[in-house]
Amino acid sequence: MKLKQLSLRLERAASYVPEGSRLADIGSDHAYLPCVLAAEGKIEFAVAGEIIEGPFKIAENQIKRLNLQNEVHVRLGDGLEVINPDLDNISAISICGMGGVLIATILDEGYQMGKLTGKERLILQPNKDEIELRTWLIEHGYQVIAEELVEENTKIYEIMIAEKSNEECISFSEKDLSFGFYLRKELAPLFIKKWTGELAKNKIILADLPKSSTDQSDKIQEFKIKIAAIEELLK
């Protein structure tokens, strides 16, 4: 297996896994990402975590087919509970293809269980709810060190990389949480495309809200604020 066999978003996520890492890939989607990295000699060891029996068995079979049993261990479990911090010595955690709220929940539960030590680089690819994920990271002392947008099959995905900060207090603004620490400053064409689309969708929702039979005044105000923030961003 080679990196080019991964989807574009997973290929870009893989590029942020440091050479020689001990990786935990959570919700591993048949262990594609750890298998490719292990086959190319880019990581030392990986845990592929699956919560459902079917994908777990498929991942197990793939690892055997590629003769990667020593490098990649597939484990059945919920989120970060598949990690054994004392034995695995995980240095990077990837969680891709889920909502930001779910990713934040997985990280929080792992933190509560002592599975998230703060020594790991986090490679995260939320499909939505990026604000909630950035908020969790900041509240738990993580600094976002890189961000990237990837377009695949007409959908724009966000990749964010975070590491535990040495600073006691991480400075941030509401704009950072909403639009990204780096993305909103770079204003790349894909970023403009994403938020131009979001602006149009929010305007359609706002136009429909007064038609509701129930009082939508709070939601109307909420969407007006969202729209104003996006318009300010795109100026």
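Per chain, residues are indexed from 1 in the order of the written sequence. In view of the model being predicted, local features appear only for residues whose pLDDT reaches at least 70, and side-chain atom pairs are presented and counted only at 80 or more, with totals across whole chains, interfaces and linings using the full set of residues. Think of the side-chain values as coming from all heavy atoms in the structure, minus any hydrogens and water.

Student: So, the sheet that holds strand β7 (residues 155-164): which residues are in play, and what are the values?
Tutor: Taking strand neighbours across the sheet as the criterion, the seven strands line up as β3-β2-β1-β4-β5-β7-β6 in an open arrangement whose pairing is mixed. With one partner strand each, in any of the chains shown, β3 (72-76) and β6 (142-152) form the two edges of the open sheet. Strand-to-strand twist in this sheet, taken as the mean axis angle between neighbours without regard to direction, amounts to 15°. The pairing of strand β1 (residues 21-26) with strand β2 (residues 43-50) spans six bridges and is parallel. From the neighbouring strand, leucine 23 faces β2, where its bridge partner is alanine 46. Contacts from helix α5 (residues 100-113) reach β1, β4 (92-98) and β5 (121-126), with the element oriented near 150° to β4. Against the sheet, helix α6 (residues 130-139) touches β5, β6 and β7, its axis set at about 5° to β7. Strands are treated as partners if at least two bridges between them are detected by DSSP. Segments assigned H or I by DSSP are reported as helices when at least four residues long, segments assigned E as strands when at least two residues long, and all are numbered from the N terminus. Between N-to-C directions, angles span 0 to 180 degrees; the directions come from axes that are lines fitted to C-alpha atoms, helices contributing only their stretch in contact. Here, two residues are considered to be in contact whenever any of their heavy atoms come within 4.5 Å of each other.

Student: Before we move on, can you summarise the pattern of salt bridges with the specific residues and values?
Tutor: What makes a salt bridge here is a side-chain nitrogen of Lys or Arg within 4 Å of a carboxyl oxygen of Asp or Glu, nothing more. Going through the model one piece at a time under the given rule, you end up with 18 salt bridges. Taking the shortest distance from any N to any O, the salt bridge between lysine 57 and glutamate 60 comes out at 3.9 Å. With a gap of three residues between them, lysine 57 and glutamate 60 both fall in helix α3 (residues 53-65), about one helical turn apart. Between aspartate 176 and arginine 184 there is a salt bridge, and its shortest N-O distance comes to 3.0 Å. Salt bridges here are not isolated pairs; linked through shared partners, they connect Glu130, Arg134, Glu147, Glu158 and Lys194.

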